[in-house]
Amino acid sequence: MSLSRFKTAACRVATLVVTLGLASQALAADPAKIGFVYIGPTGDHGWTYAHDQGRKEVEAKFGDKVKTTFVENVPETADAERVFRDLAQQGYKMIFATSFGYMNQQLKVAKAFPKTAFMHATGYKTAPNLGVYDVRTYEGAYMLGVVAGKMSKSGKLGVVASIPIPEVIRNINAFTIGARSVNPKATTRAIWVNSWFDPGKEREAALTLIAQGADVLMQNTDSPAVVQAAQEKGVLAFGWDSDMSKFGGKAHLAASVLHWGVIYNKVVGDALDGSWKPGDIWWGVKEGAVNIESFGPAVPADVKKLAEDRRDAIKAGTLHPFSGPLKAQDGKEILAAGKSMGDPDLRKINYYVEGVEGAIPK
């Protein structure tokens, strides 16, 4: 080979090495694709809105290390399985499912894509590549109950409830326990709308509760319709999952705000550094995942301080909302004095506590 040909060949090899090196660097710099599947619209101002705020926190924290996407208004049916499968096929390496009814669909897809990491909110089924996570929403419900018990003139409280699963029953109970801790005669009545997000049904349920004498309303649904109805009828209500004061400033007493970002940042960070393992995350006040916020002008300073003192006690571990003495609706003792309910029992609650009226739908 002539010297000129040798030099030309050497240059080509060098160019190839540099090109491959740059390609390798580019591949290493590719952002991790993270997907979120939502039960409702991001503009619901409730559950889905709160999750999407968490997604945005992930983008803010990790910048160009991640690329997130979301699919909204996905029903808890076979459609959910199709969405999970499509995201996995597109190369999304971590997929968050944000509603209880996605559990079996996500489990099925997780088994088909063992190299993809899946996380399911509020569920209990796990797999080698499927973990679960949740926020202790009952702690927020308890704090709202304390305010409700102080603010109600009639002692009659109402809850617009979604679907009768332990998560929602637990929140109704915690709300009632909080209220009765400051007003032992307070009672709660729930109306079930069998939907997470249906503003029309939520409004109708709220109006029915008001007609039955409830003067303070809580909800475990996703739209601001309850706060709007309360404002219209001159009663009081709470924001749920986010601050809903702009929908009824006179009615809005406070909000139980969910901060999903603290969980999402932890899980995504673990995925990026290779330490992620499917586990069970259930964070609350202590970890900054839920808080009572946005107190309205109708709340006296002493009531606000009481609620915040209870919050601080929960954070410190000196107060557990489900502590004895505690009885079920039928008078049967659930917890003796000095005892607190453990997580396994909290997660399977299927009964009302004393002070809740009516029956849980079958």
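Look up: the structure comes first, before these words.
Numbering of residues begins from 1 in every chain and follows the order in which that chain's sequence is written. It should be noted that, the model being predicted, local features are given only for residues of pLDDT at least 70 and side-chain atom pairs only at 80 or more, the latter also being counted only at that level, while totals for whole chains, interfaces and linings use all residues. Calculation of side-chain values draws on the structure's entire complement of heavy atoms; hydrogens and water are dropped beforehand.

**Q** I'd like a rundown of the sheet that holds strand β2 (residues 66–71), residues and numbers included.
**A** Backbone-to-backbone hydrogen bonds join strands into a sheet, with any given pair of strands oriented parallel or antiparallel. Across the sheet, six strands lie side by side as β2-β1-β3-β4-β5-β11; this open sheet has parallel pairing. Strand pairing shows two members of the sheet lacking a second neighbour, β2 and β11 (280–283), which therefore form its edges. On average, adjacent strands in this sheet sit at an angle of 15 degrees to one another, irrespective of strand direction. Strand pairing follows a simple DSSP-based rule, namely that at least 2 bridges must link the two strands. Helix numbers and strand numbers start at the N terminus; a helix is a DSSP run of H or I with at least 4 residues, a strand a run of E with at least 2. Alignment of strand β1 (residues 32–37) against β2, held across six bridges, turns out to be parallel. Across the sheet, Val37 pairs through a bridge with Val71, a residue of β2. By definition, residues are in contact when any of their heavy atoms lie within 4.5 Å. Angles run from 0 to 180 degrees between N-to-C directions of axes, and those axes are lines fitted to C-alpha atoms, restricted for helices to the stretch in contact. Relative to the sheet, helix α3 (residues 78–89) contacts β1, β2, β3 (94–97) and β4 (117–121), its axis offset from that of β3 by approximately 165 degrees.

**Q** So, the nonpolar core: which residues are in play, and what are the values?
**A** In plain words, nonpolar cores are sets of buried Ala, Val, Leu, Ile, Met, Phe, Trp, Tyr and Cys residues tied together by side-chain atoms within 4.5 Å. Only protein chains enter the accessibility calculation, which uses a 1.4 Å probe; a residue is then buried when its area is under 20% of its type maximum, exposed when over 50%, and partly exposed in between. The biggest cluster of nonpolar side chains holds 94 residues, and the ones touching the most others in it are Phe96 and Phe238. Ranked by size, the runner-up nonpolar core spans 17 residues in total, among them Val160, Ile191, Ala205 and Ala237.

**Q** Tell me what's going on with α3, and back it up with residues and numbers.
**A** Here the expected span of a helix is defined as 1.5 Å times the quantity of residues minus one. For α3, which comprises 12 residues, the first-to-last C-alpha distance of 17 Å matches the rise-based estimate of 16 Å (1.5 Å per residue) to within 8%. Residues Ala80, Glu81, Val83, Phe84, Leu87 and Ala88 constitute the buried set of α3. Buried positions in α3, seen along its axis, are confined to an arc of 165 degrees and lie on one side of it. For α3, the exposed residues lying more than 90 degrees away from the buried face are Ala78, Arg82 and Gln89. On its buried face, α3 is in contact with β1, β2, β3, α4 (103–112) and β4. Looking one or two residues beyond α3, the residue adopting positive phi is Gly91, at roughly 95 degrees. In this context, the arc is that of the directions from the helix axis out to the C-beta atoms.

**Q** Outline the environment of Lys246, listing residues and values.
**A** Among the secondary structure elements, Lys246 is positioned in the loop between β9 (236–241) and β10 (252–258). Separated by 141 residues in sequence, Lys246 and Gln105 place their C-alpha atoms 36 Å apart.

**Q** Now, about the packing of aromatic side chains: what can you tell me, with residues and values included?
**A** Here a Phe, Tyr or Trp ring, Trp counted by its six-membered ring, pairs with any other such ring whose centre lies within 6.5 Å, and the pair is stacked when the planes are under 30 degrees apart, edge-to-face when over 60, and tilted otherwise. Tallying each qualifying case throughout the model produces 15 aromatic pairs. The interplanar angle of 75 degrees and the centroid separation of 4.7 Å between the aromatic rings of Phe96 and Tyr264 together place this pair among those described as edge-to-face. Taken as a pair, Phe96 in strand β3 and Tyr264 in helix α9 (residues 261–273) lie far apart in primary sequence, 168 residues in all. Put simply, a charge is over a ring when the Lys NZ or the Arg CZ is close to the ring centre, within 6 Å, and near the line of the ring normal, within 35 degrees. For the cation-ring pair, Lys33 lies above Tyr92, with the distance from its terminal atom to the ring centre recorded as 4.6 Å. Directly above the aromatic system of Phe62 lies the positively charged group of Lys61, at a separation of 5.6 Å from the ring centroid.

**Q** If you had to explain the pairing of strand β8 (residues 216–219) to someone new, which residues and values would you point to?
**A** Across the two faces of β8 the burial is the same, with Val216 and Met218 and Leu217 and Gln219 all buried. Pairing analysis gives four bridges linking strand β6 (residues 156–161) to β8, with the strands arranged parallel. Looking at the pairing, Leu157 lines up with Val216 of β8.

**Q** Give me the sheet that holds strand β12 (residues 290–293): which residues, what numbers.
**A** On the basis of which strands lie adjacent, the open sheet formed by seven strands has the order β12-β10-β9-β8-β6-β7-β15 and mixed pairing. Two strands lie at the open edges of the sheet, namely β12 and β15 (356–357), each paired on one side alone. Pairing between strand β7 (residues 187–192) and β15: two bridges, direction parallel. Within the sheet, the bridge partner assigned to Arg189 lies in β15 and is Glu357.

**Q** Got a sec to walk through unusual backbone geometry? Specific residues and values, please.
**A** Cis geometry is found at the peptide bond from Gly324 to Pro325, where omega equals 5 degrees. When you line up the elements, Pro325 lands in the loop between α10 (301–316) and β13 (326–327). Within the chain, Ser294 stands out as a residue other than glycine whose phi angle is a positive 55 degrees.

**Q** Pulling in residues and values, what's your account of the side chain of Thr221?
**A** One can find Thr221 in the loop between β8 and α8 (225–233). Within the structure, Thr221 has its side chain in polar contact with the side chain of Glu202 (distance 3.0 Å). Sequence-distant contacts of Thr221, that is, excluding residues within four places in its chain, are made with Val160, Ala161, Ser162, Val193, Ser195, Trp196, Glu202, Val226 and Trp240. Any N or O atom pair separated by 3.5 Å or less is treated as a polar contact, with the protein-specific requirement of one donor-capable and one acceptor-capable atom, and with residues adjacent in sequence counted only for side-chain atom pairs.

**Q** Summarise the pattern of salt bridges; cite the residues concerned and give the values.
**A** Any Lys or Arg side-chain nitrogen located within 4 Å of an Asp or Glu carboxyl oxygen qualifies as a salt bridge. Tallied over the entire structure, the rule returns 12 salt bridges. When the shortest N-O distance is used, the salt bridge between Arg189 and Glu357 registers 3.3 Å. You can see Arg189 sitting in strand β7 and its partner Glu357 sitting in strand β15, a full 168 residues away along the chain. The shortest N-O distance in the salt bridge between Asp280 and Arg347 comes to 2.8 Å. Of this pair, Asp280 sits in strand β11 while Arg347 sits in the loop between α11 (343–346) and β15, and the two are 67 residues apart along the sequence. Among the charged side chains, a salt-bridge network with shared partners connects Asp52, Arg55 and Glu59.

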